Amino acid sequence: MSKPEFSSDLMYRLLVQGVKDYAIYLLGRDGTVLNWNAGAERAKGYTAEDIVGRNYACFYSQEDQAKGVPQHNLDLALREGHFATEGWRFRKDGSAFWASVALDVIRDEAGALLGFAKVTRDLSEQREATRRFEHQAIHDPMTGLLNRVGLGECLDRRLARIDAEASLALHVVDLNRFKPINDTFGHQAGDEALRQVARRLEAMAGPSGIVGRLGGDEFAVLQSGAPSVEAVEVMASAIVDCVALPLQIGSTLATVGASVGVAIAPRDGADAATLLRNADLAVHAAKSKGRNRARLFDPAMGELALSRNLLELKLRHAVAARDFRLAYQPVVDGRSGRVLGFEALLRWDDQTGRSMSPASFIPLAEELGLMPELGEWVLQRACETAANWPVDLVVAVNLSPAQLKQEGLADLVASILGETGLPARRLELEITETALLGDLDSARRVLSRLRDLGVGIALDDFGTGFSSLSLARELPLTRIKIDRSFVADIDETQAGNAIVDSVLALCRGYGLATTAEGVETEHQRAALIAAGCHDLQGYLFGRPAPIESWRSILDPAPLLAEA
């Protein structure tokens, strides 16, 4: 059986008409549709009977038709020989789709114009995929807010439109106490908390504001409309207040807070990077003042940040080189002046020889995660030194909050005691109330293991926190240290004596030893002894000094007589 023969023209028409992914059809010289393939019917919803003989302008919007866009495109194709573009086109049912369009001029062998070949491809799915990708690139998937990249782009656009007479404010919002939500309730609860904060900030920003999530538990709010400094301060305070309201996490109420730093453009920066950096500096300033507050950027903050960065570099170097020393302050029996032991206190002289305040470098070391390493060095050095003292002297060493969170702390202490030969009964570890409140159950477990070793546990700065009475009852303590602020009041008011009497009564009830800190006057010494507190510490008996300065501890003569 012979095969049918087809002309090349027929084969071409059959091929074109059978294509379904592209709308391919011919136009007359005036734009009249001359034929219609399966792809055109699929893309535009018209059959050949519907459209052949009509002008292709019907595929354009009324606005484009009024502007003469269809004829303009034919003219461009005629002049250039080819024309391509992308844009919205319309189906028979009136729905729009994004299309790639190409027009090519068709001429006969003599060069006479026959018409145009038009190819249209529906790019709606690709355009939607691109739109989703672009959206994801600049948005935070969890909260739906702009991410750091998207916020930066938005900030750049807005900054380009302001001048010296206009302004906008960037509020950077750093959440406080967010980590305990994750740790206590899990990451799903943490994510829900972040979403709730995001919705609150959007409501606070209003329709003209922009809210973004910079990452982690940090957000940003753009306040536009040339706000005054007073309006900026009102907004910042309102953000602090709205974030502080309890969050409903399942059946539980959880509370976070916020520190807010604000930079105002153009005075605090004319580009996104500068404005963000200065708002961050203001956040750090707000947190340094106690958190849950707002601060506006001040140029002096930049100098403070530079100073802090330098301090951080020096501190990291000092920790790596163990470039620290210990000073020892005696604890005495206030009646006889006999030395009972020493508290080991960390001291640091930087590379220039300048003595650095512990109040400045210890919190920084805690923030940088250096305290476990540094605290281990202090413990090792203090125990080595105390092992050479007379057998009745005790050494007290402060534990940082970070050390207290170490599950292996008891093993570390046991190892150091074994290496140095110091009996456990001669080591007293001091903790502060603030170090306990983050995770009281965990702290109780760690302290119990330490007590099992025979080590003493002292609660420092007693009475300055919120739950001292319960801590004295619940924790395996051996000693309470009465805060220096109460001791100072003994010289000033009768109330000071009453507080000390109450603390001593509490300690007697729980069988705890007591030490009074900050004793500086003879009157304070006498009043404390009369109240029943005999273990005393303070400048009246000696300031912190290198252990070499206390060789008199080997002398049986009482230290008080020498002082």
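Note that the structure is a prediction, hence the values are computed from the model and not measured.

Draft legend 1. Representation of the pattern of salt bridges in the model. Under the defined criterion, the tally for this structure stands at 24 salt bridges. The residue E63 makes a salt bridge to K67 at a minimum N-O spacing of 3.3 Å. You can see E63 and its partner K67 sitting in helix α4 (residues 62-67), four residues apart, about one turn around the helix. The same class applies to E63 as to K67, namely exposed. Where R148 meets E218, a salt bridge forms, and the shortest distance between an N and an O atom there is 3.8 Å. Of this pair, R148 sits in helix α7 (residues 148-160) while E218 sits in strand β7 (residues 218-223); the two residues are 70 residues apart in sequence, bridging distant segments of the chain. Its relative accessible area of 15% is what places E218 among the buried residues.

Draft legend 2. Representation of the side chain of D140. Here D140 shows up in the loop between α6 (124-138) and α7. When residues no more than four places from it in sequence are discounted, the contact partners of D140 are L145, L146, N147 and R213.

Draft legend 3. View of the nonpolar core. In this structure, L315, F324, Y328, V395, L427, L429 and L450 are the most contacted members of the largest nonpolar core, which totals 80 residues. It is helix α14 (residues 371-386) that provides the largest number of residues to this core, a total of eight residues. Residues in contact with L450, not counting those within four places in the same chain, are L399, L409, A410, V413, L429, V455 and I457. L201, A236, V240 and V262 belong to the second-largest nonpolar core, a separate cluster that totals 33 residues.

Draft legend 4. Seen up close, the sheet that holds strand β10 (residues 257-265). The five strands are arranged β6-β7-β5-β10-β11 in an open sheet whose pairing can be described as mixed. The two strands at the open ends of the sheet, each matched to only one other strand, are β6 (210-215) and β11 (294-296). Looking at each pair of strands side by side, their axes are set apart by 20° on average, direction ignored. Sheet topology places β6 next to β7; five bridges connect them, and they run antiparallel. Residue pairing in the sheet places V211 in a bridge with V221 of β7. Helix-sheet contacts for helix α10 (residues 229-244) involve β5 (168-176), β7, β10 and β11, and the interaxial angle to β10 is about 160°.

Draft legend 5. Broad picture of the packing of helix α9 (residues 187-205) against α10. Their axes nearest at 10 Å, the elements α9 and α10 cross at an angle of 150°. For the element pair α9 / α10, the angle class is roughly antiparallel. In this structure, α9 meets α10 at a crossing whose hand is right-handed. The segment α9 lies against α10, with V197, R200, L201, M204 and A205 engaging M235, A238, I239, C242 and V243.

Draft legend 6. How the structure looks around the sheet that holds strand β2 (residues 82-90). As summarised here, the arrangement of the four strands in space is β1-β4-β3-β2, forming an open sheet in which the pairing is antiparallel. Edge strands, defined here as strands with exactly one partner in the open sheet, are β1 (23-27) and β2. Averaged over all pairs of adjacent strands, the angle between strand axes in this sheet comes to 25°, irrespective of strand direction. When strand β3 (residues 96-107) meets strand β4 (residues 113-122), the two strands line up antiparallel, connected through nine bridges. Note that in β4 the partner of V105 across the bridge is F116. Relative to β2, helix α5 (residues 69-80) is tilted by about 165°, and along the sheet it contacts β1, β2, β3 and β4.

Draft legend 7. Region of interest: the state of the cysteines. The final tally for this structure, using the stated rule, is zero disulfides. Not part of a disulfide, C154 finds its nearest cysteine sulfur in C242, a span of 19 Å. By relative accessible area, which is 8% here, C154 ends up buried.

Draft legend 8. The confidence of the model for the protein chain, seen in detail. Per-residue pLDDT for the protein chain has a mean of 85; in total, 90% of the residues score no lower than 70. Counting contacts from residues 556-563, a segment whose pLDDT is below 50, to residues more than four positions away or on other chains yields 18 contacts.

Draft legend 9. Molecular detail of the environment of R199. Among the secondary structure elements, R199 is positioned in helix α9. Distance from R199 to L540, taken between C-alpha atoms, is 57 Å for residues 341 residues apart in sequence. Each residue touching R199, except ones within four places of it in the same chain, is listed here: T143 and L145. In terms of polar contacts, R199 uses its side chain to reach the side chain of E202, at 2.7 Å.

What counts as what
- Residues numbered from 1 in each chain as written.
- Predicted model: local features only at pLDDT ≥ 70, side-chain atom pairs only at ≥ 80, totals over all residues.
- Heavy atoms only, no water.
- Salt bridge = Lys/Arg side-chain N within 4 Å of Asp/Glu carboxyl O.
- Helix = DSSP H or I, 4+ residues; strand = E, 2+ residues; numbered from the N terminus.
- Buried < 20%, exposed > 50% of the residue type's maximum accessible area, 1.4 Å probe, protein only.
- Contact = heavy atoms within 4.5 Å.
- Core = buried A, V, L, I, M, F, W, Y, C linked by side-chain atoms within 4.5 Å.
- Pairing = 2+ DSSP bridges.
- Axes fitted to C-alpha atoms, helices over the stretch in contact; angles between N-to-C directions.
- Parallel < 35°, antiparallel > 145°, perpendicular 65-115°, else oblique.
- Left-handed = near helix turned anticlockwise from the far one by under 90°.
- Disulfide = S-S within 2.5 Å.
- pLDDT = per-residue confidence, 0-100.
- Polar contact = N/O pair within 3.5 Å; in protein donor to acceptor, adjacent residues only side chain to side chain.

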